[in-house]
Amino acid sequence: MKELIYWVAFNHLTGIGPVRFQRLLDTFGTASAGWNASEKDLEKCLGPQVGQSVVGERNSLDPEKMVQKYTSEGIGMIPITDDRYPELLKTISHPPFLLYQRGDFDFRSHEKYVAIVGTRRASQYGRKVVRFLARELAQEGWVIVSGLALGIDGEAHRGALEGGGHTIAVLGTGVEVVYPGSHRGLAHEIIDRGGALVSEFVPSCGPQRENFPVRNRIISGLSLGVLVAEAPRKSGALITTDFALEQGREVMAVPGSIFSPASEGTNQLIAQGAKLVQNIEDVVEALGFLSGKKSFTVSTPPVEELNEEEKELFSFLDYPGLYTEEFLQKCGWEPGRFYRVLLSLEMKKVVQTGPGGKICLS
Amino acid sequence: MLAKILSATAEGIDAKLVEVEVDVGAGMPHFNIVGLPDTAVQEARERVRTALRNCGFSFPARRVTVNLAPASLRKCGSDFDMAIAVGILAATGVVPLSIEETVMVGELSLSGEFRPVNGILPIAHSLSKDDRPYRMFLSHHNAREGAIVEGIEIYGFRDLIQLVDFLRGKNPLSPTTIEREKLFSYANQDEDFSEVHGQRLGKRALEIAAAGGHHLLFVGPPGSGKTMLAKRLPGILPLLTLEEAIEVTKIHSVAGLISGDRPLVTQRPFRSPHHTISDVALVGGGQWPRPGEISLSHHGVLFLDEALEFKRNVLDALREPLEEGQITISRAAMTMTYPAKFTLVCSCNPCPCGYLGDNKRSCTCSTGQILRYRSRLSGPFLDRMDLQVDIPRLDFSDLSSNTSEEPSGDVRVRVEKARQIQRDRFPAEGIRVNGEMRVRHIKRFCTSTREADELLKKSIEQLALSARAYHRILKVARTIADLSGDEKIEVEHVAEAIQYRTLDRKYMEW
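Residue positions are counted from 1 within each chain, in the order its sequence is given. Here every chain gets a letter starting at A, and every ligand a number starting at 1, in the order they are written. Where local features are concerned, this predicted model is filtered to residues with pLDDT of at least 70; where side-chain atom pairs are given and counted, the filter is 80 or more; whole-chain, interface and lining totals use all residues.

### Looking at the overall build of chain B
Strands are runs of DSSP state E lasting at least 2 residues, helices are runs of H or I lasting at least 4, and numbering of each runs from the N terminus. Each helix and strand counted, chain B has 22 helices and 18 strands in total. With respect to the principal axes defined by its C-alpha atoms, chain B has extents near 90 × 45 × 45 Å. Each residue is classified by how many other C-beta atoms fall within 10 Å of its C-beta atom, where C-beta atoms are placed from the backbone; a count of 20 or more means buried, 12 or fewer means exposed, and values in between mean partly exposed. In chain B, which comprises 510 residues, the share counted as buried stands at 49%. Once C-beta atoms have been placed from the backbone, residue pairs whose C-beta atoms lie within 7 Å are recorded as contacts. Here the analysis covers contacts within chain B between residues at least 6 apart in sequence; of these, 74% occur between residues at least 24 apart.

### Structural notes on the overall build of chain A
Looking only at helices and strands, one finds 17 helices and 12 strands in chain A. Projected onto its principal axes, the C-alpha positions of chain A cover 85 × 40 × 35 Å. Sorting the 362 residues of chain A into buried and exposed places 48% on the buried side. Long-range pairs, those at least 24 residues apart, make up 67% of the contacts in chain A with a sequence separation of at least 6.

### Quick look at the domain arrangement of chain B
Residue and element names in this part refer to chain B. Residue ranges assigned to each domain were obtained from an automatic or database domain assignment. Structurally, chain B comprises domain 1 (2–178) and domain 2 (193–395). The set of elements that each furnish at least two residues to the side of domain 1 that touches domain 2 consists of α4 (120–128) and α5 (143–147). For the side of domain 1 that touches domain 2, the element with the highest residue contribution is α4, accounting for 4 residues.

### A look at the domain arrangement of chain A
One can read the domain layout of chain A as domain 1 (1–72), domain 2 (107–286) and domain 3 (303–361). Computed from C-alpha atoms alone, the centre-to-centre distance between domain 1 of chain A and domain 3 of chain A is 62 Å.

### Brief notes about the interface of chain B and chain A
Between chain B and chain A, the residue contacts involve 32 residues of the former and 27 residues of the latter. When residues are sorted by character, Ala, Val, Leu, Ile, Met, Phe, Trp, Tyr, Cys and Pro go into the nonpolar class, Asp, Glu, Lys and Arg into the charged class, and all the rest, Gly among them, into the polar class. Within the side of chain B that touches chain A, the residues separate by chemical class into 13 nonpolar, 10 polar and 9 charged.

### A look at the packing of helix α1 (residues 2–11) of chain A against helix α6 (residues 63–72) of chain A
Packed helices, taken two at a time, are described by the angle between their axes plus the distance between the axes. Residues and elements named next belong to chain A. Throughout, an axis means a line fitted to C-alpha atoms (over the contacting stretch in the case of helices), and angles, computed between N-to-C directions, take values from 0 to 180 degrees. Relative to each other, α1 and α6 sit at 95°, their axes nearing to 9 Å. As far as their axial angle goes, α6 and α1 are roughly perpendicular. When α1 is examined against α6, the residues Leu-4, Ile-5, Tyr-6, Val-8 and Ala-9 are found in contact with a partner set consisting of Pro-63, Glu-64, Met-66 and Val-67. We call two directions roughly parallel when the angle between them is under 35 degrees, roughly antiparallel when it is over 145, roughly perpendicular when it lies between 65 and 115, and oblique otherwise.

### Things to note about the pairing of strand β6 (residues 196–199) of chain A
Residue and element names in this part refer to chain A. Burial along β6 is two-sided: Ala-196 and Val-198 and Leu-197 and Ser-199, pointing in opposite directions, are all buried. Bridge analysis of strand β5 (residues 167–170) against β6 gives 3 bridges, and the strand direction is parallel. Among the inter-strand pairings, Val-170 is bridged to a residue of β6, identified as Val-198. Classification remark: right-handed applies to a crossover when, strands pointing away from the viewer, the course from the first strand over the helix to the second runs clockwise. A crossover links β5 with its parallel partner β6, the connecting element being helix α10 (residues 184–192), and its sense is right-handed. A pair of strands is considered paired only if DSSP assigns at least 2 bridges between the two.

### Some details on helix α2 (residues 44–54) of chain B
Residues and elements named next belong to chain B. All of the buried residues in α2 are Ala-44, Arg-47, Val-48, Ala-51 and Leu-52. Seen end-on, α2 carries its buried residues on one side only, within an arc spanning 120°. Gly-56 sits one or two residues past α2 and shows a positive phi near 95°. The directions from the helix axis to the C-beta atoms form the arc being described.

### Some points on the confidence of the model for chain B
Detail in the predicted coordinates should be disregarded across regions flagged by low pLDDT. Model confidence for chain B is summarised by a mean pLDDT of 88, while 96% of its residues fall at 70 or above. Here the prediction assigns the complex a pTM of 0.72, and the interface score ipTM is 0.73. As a per-residue measure, pLDDT reflects the predictor's confidence and takes values from 0 up to 100.

### Details of the nonpolar core
As a rule of thumb, soluble globular proteins bury nonpolar side chains together. Residues and elements named next belong to chain B. The biggest cluster of nonpolar side chains holds 152 residues, and the ones touching the most others in it are Ala-85, Met-136 and Val-494. The dominant element in this core, judged by the number of residues it contributes, is helix α3 (residues 81–91), at 9 residues. Non-local contacts of Met-136, meaning those with residues more than four positions away in its chain, are made with Val-103, Val-105, Ala-124, Leu-127, Gly-146, Ile-152, Ile-154 and Tyr-155. The term nonpolar core refers to a group of buried residues, namely Ala, Val, Leu, Ile, Met, Phe, Trp, Tyr and Cys, whose C-beta atoms join them within 7 Å.

### A look at unusual backbone geometry
In this structure, Pro-180 of chain A follows Tyr-179 of chain A across a cis peptide bond, with omega equal to 0°. Following the sequence through the fold, Pro-180 of chain A ends up in the loop between β5 and α10. Backbone torsion omega between Ala-69 of chain B and Pro-70 of chain B reads 0°, so that peptide bond is classified as cis. Position of Pro-70 of chain B relative to the elements: it lies in the loop between β4 (63–69) and α3. In this structure, Gln-199 of chain B is a non-glycine residue whose phi angle is positive, near 50°. Structurally, Gln-199 of chain B can be placed in the loop between α7 (180–183) and α8 (200–212).

### Re the pairing of strand β16 (residues 335–339) of chain B
Residue and element names in this part refer to chain B. Here strand β15 (residues 326–330) pairs with β16 via 5 bridges, running antiparallel. Residue pairing across strands places Ile-329 opposite Met-336, the latter belonging to β16. Counting the residues in the hairpin turn of β15 and β16 gives 4 residues.

### As for the packing of helix α20 (residues 450–462) of chain B against helix α22 (residues 491–499) of chain B
Residues and elements named next belong to chain B. Taken N-terminus to C-terminus, the directions of α20 and α22 make an angle of 25°; their axes are 8 Å apart at the nearest point. With respect to α22, the element α20 is oriented roughly parallel. As α20 runs across α22, the sense of the crossing is right-handed. Facing Glu-451, Ala-452, Leu-455, Leu-456 and Ser-459 of α20, the residues of α22 in contact are Val-491, His-493, Val-494, Ala-495 and Ile-498. Looking at the contact of α20 with α22 residue by residue, the classes come out as 7 nonpolar, 2 polar and 1 charged. Two helices crossing with the near one rotated counterclockwise from the far one by less than a right angle form a left-handed crossing, whereas a clockwise rotation gives a right-handed crossing.

### Observations concerning the environment of Trp-142 of chain A
Residue and element names in this part refer to chain A. Inspection of the secondary structure puts Trp-142 in the loop between α8 (124–139) and β4 (143–146). Sequence separation of Trp-142 and Ala-115 is 27 residues, and the distance between their C-alpha atoms is 9.9 Å. The contacts of Trp-142, once residues within four sequence positions are left out, are Lys-112, Val-114, Leu-137 and Gly-165.

### A word on the sheet that holds strand β11 (residues 270–271) of chain B
Residues and elements named next belong to chain B. Taken together, the 5 strands give an open sheet; going across it, the order is β11-β14-β17-β10-β18, and neighbouring strands pair in parallel fashion. At either margin of the open sheet sits one strand with a lone partner, and together these are β11 and β18 (387–390). Across the sheet, α8 is in contact with β10 (216–219), β17 (343–348) and β18; its angle to β18 comes to roughly 170°.

### With respect to the environment of Gly-357 of chain B
Turning to its location among the elements, Gly-357 of chain B is positioned in the loop between β17 and α16 (367–375). Sequence separation between Gly-357 of chain B and Val-345 of chain B is 12 residues; the distance between their C-alpha atoms is 22 Å. When sequence neighbours within four positions are dropped, the list of residues in contact with Gly-357 of chain B reads Gly-354, Pro-355, Gly-356 and Lys-358 of chain A together with Pro-350 of chain B.

### Points about the sheet that holds strand β11 (residues 351–354) of chain A
As summarised here, the arrangement of the 3 strands in space is β10-β12-β11 (chain A), forming an open sheet in which the pairing is antiparallel. In the strand order of this sheet, the two ends are held by β10 (322–323) and β11 of chain A, each with one partner.

### Observations regarding helix α11 (residues 242–254) of chain B
Residue and element names in this part refer to chain B. A helix is expected to reach a length of 1.5 Å times the quantity of its residues less one. Here α11 contains 13 residues, and its C-alpha end-to-end distance of 18 Å stays within 8% of the 18 Å for a straight helix at 1.5 Å per residue. Of all 13 residues that make up α11, 10 are buried, and the element is covered over most of its length. Among the residues making up α11, those that are buried are Ala-245, Ile-246, Glu-247, Val-248, Thr-249, Lys-250, Ile-251, His-252, Ser-253 and Val-254. Packed against the buried residues of α11 are β1 (2–11), α4, α5, β13 (290–291), α13 (293–296) and β16. Gly-256 sits one or two residues past α11 and shows a positive phi near 75°.

### Details of the environment of Glu-308 of chain A
Residue and element names in this part refer to chain A. As for its position among the elements, Glu-308 is in helix α15 (residues 308–315). Owing to 7 C-beta atoms within 10 Å, Glu-308 belongs among the exposed residues under this scheme. A C-alpha to C-alpha distance of 41 Å links Glu-308 and Val-114, two positions 194 residues apart in sequence.

Pasting the structure below:
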C-alpha cells in the first residue's frame, strides 16, 4: 500500500512514462525511495531536465491524500506488479506501469478478450455489422475491448451489452472523464453491467489529441486479436492494427463495399493478409478457439412474428433502404395504413429510420 | 386670417387626426411650423412655398404660422404638405375658408403635383369608424388604396391647381370608387402544387400545416426542393377575407409596400428574408417603430431558408411573437404593437455539408460538427416547430412521370373544410387553429381512441422520442384527424404524426 502511493504519485509527474519509471525502480529499488531521493540522484538517473521537473512538481503533490481520494471515489489503481493487472497486457513492450480502473471487472476471471475497433463515422452497414458481431461474441463469453469512441466503438460496447456480456472501454482520457460526453450513459452502463473503464492516464486528465493513439496500444494489448469492423483509408483504427501486429496479435477485418470510402481501410487490410471475417466463427477460429455455436452472417428478421400486413410492407424493403417517399410510392398503399404498419414494424425493431428519413432493415 | 384644415397621420396601424392651423398675419415675412414637427415636416416649408409659386399662386409676404395640433403628438413625414398648402390658400382668401370634415393627406412636389404617402389605408380605416362623415383628399396615386374602405368618400387629385379648382366649385369631381370583389381574383396564383412532381410527403406536410396552422421545418440536402415546396404554402391556405385583407394591407401600407395599381393585398403574403437579416428588421423597430418581416407576413407565411444560418439572437427574437401572435416594440419615441400571426416555415440542411443521409453523395462532416450545427436551433425554438419533415433528394422523373398532380385549389378545399371544423371547436377559446392549442386545450380537445393513446405512449418510449414530442404529436394528429373528418384521433393519425418528428428522433448517433 505504502509503495502504491508513490507509484500513483510518479504517474502524476510530467515526463515519467513506463521507461523512465523502470529506470527509477532499477536505480532506487522502490518508488518511495525514488520519491524521496535527492535532486542530484534524480538528475543522475533521469537526466537534468526531467530530474528537475520531478523535483519541482513533487513538492506540490500530496501522494497519500491523492490515493485516499481515488480510493474513496471507487477508482482502482493497479500497478503492473499486482496480480490483478491483465496478464496479456504485460506481454507488450512498455506496458503502462499503472492502470486506473472504474468498475468491478476482474481481468483474472476471463481469458477470452477480443478488441473491436473502427471509424467514428460509421455507415449503417458498419454499425449493423459491429453490433451483430459484438452481440454474438459476447453471448459466446468473449469480453469485447474497445475505445468508447463514437461510431464503431460505441456500437461494439452496445452490442456486447445486448449480448449480456462484459465489455472493457480503454479511455484516452482519465477514468473520471468520459469523452465524448454523449457516451456518458453508455459508460455508466458498461460499469453497471460488470465491465470496466480503464486508462493509464491520470484520472482527471481531459481529452488530449496525442493521448488517443497511445491508448490504442492498450486496446490491442488487452486482447488476443483486433477486429476492424469499418475503417476508411486514414483511420485511428489502423494505428491499433499496427500495434496489434507489433504485439503479435491477430488482425481481422470485415469486408465492405468497394464503392464505400468507409470500407477502404478494411478492404486493404484484407488485401494485406488480415483475416476476413464474415461471422463470429471466423473470429473465434482465428484466435485459436472452437466455436460451440453455429451463427449466420445474415440475421433474418423474425418474420414469423409479423402479421400479414407487416409482412407485405416489409417485403417491399430491400437492403440499401428506402426513403419514406420512395417506400410509399413503391408499395402504393394509402398513407394512413402505410404509416400505421410502418410504425409497428419500427416498434418491433424490424426496420429503423436513419438520418435523412431513410428506412433501413435493422 | 386663420384657417383650420384637418389632416391625419398613421401611427402604427392606427391613425391620429391632426388639425393644421394656418395663420397669415402682420409682421416680418416669415414661415414657421410649430407643434412637435420633425425634419421632414419642417422641410414642408420649402416644398409648399415653391409649389404654390410654381402653380401661379403668390406666397404671402407676411408672417405665416402653422400649428399642428395636438401639439403633444410627434409629427413626422410629409403627410401634412397638402393641408398646409390649402391652409395658406384659405387664409389668403384664394379658396373658401370653411372646409369642413375634410381630411387632407399628401406630399407636394416642387411643381405642385401630389405624391403618394405611406399609411393611407390605416388612416382611411380609422376615419371610417368615426361617427362624423369624413371625406378624404389624397394624391391620385393613393386614391384607390383609400377607396378600399367603405363608408368614406375619397377624392384623388393630381396637383394643387386641380384641388383649388375643385374647392372653388369650378371642377366637379366624383369620389374614387373601386370594386372590392374584383380585387379578389385568385387566377394569378403564381406557384401551384401541380407543378411539383412527387414529393408526396412534403406536400402532405404542407397540407397539414395549412389546415392546422402548424409551423413547419424542412430538413434536406441542397436541391431537394425545400424552397419550391415552401413557396406553395400560401396557395393552399384559405382565401383571405376582406377583413383580413384590410388588416394585411394596413401593415403593408405603413411599410410603404402598396402601389397604386394593386391597392389591396389580396393574396396571403409570403416573406422570405435573407439569413443576414437583423433582429430589428425581422420583428420591427426603428425610432418610429416600423413593422418587420414577421408583421409583413401576418396572415401569411414567413419562410426562413437555411434557418441555421440566421443569427441566434434573430431566431430567438421570434419566440415571443410566435407565442403571442403580435409584437410590441418599445422605443424612446413611442411604443407600438403590430399583429404578427403567421405560419413559420423553416428549411435547413441535415448537416453543415448538406449531404447527411443522401444517396448519391457522402457526408464529409464530423460528428462534432453535426452536433454543433444542430445545436444552433435552440430547444425552445425547435419546440415550436410542430412538423419536422425530411425532404430527400430523389429523382422523381422515373417515379411519377405519368401521374397527374393535384392542383392547389383542390388541396385548399380540404384545408378549408378542416379549418371549419376547428372554428366550430374553439368558439370560446380565443384560438383559431389546432396549432395555437395550449396544453389545457390539448387535454380537452385531443381525445383519442384507447389504441391510439397506447400506441403514442409506447412509441415515445420505444423510439426514444423526447418527452416534449408528446403534445406536438397530439396536436398534429388532431389536425390529421380533422382533415379526414374524424372526431377522435385514431391509430393511423398518431402513426402519421410521429413521422413528422424527425429531429426528435435520437438516431443511434451519427
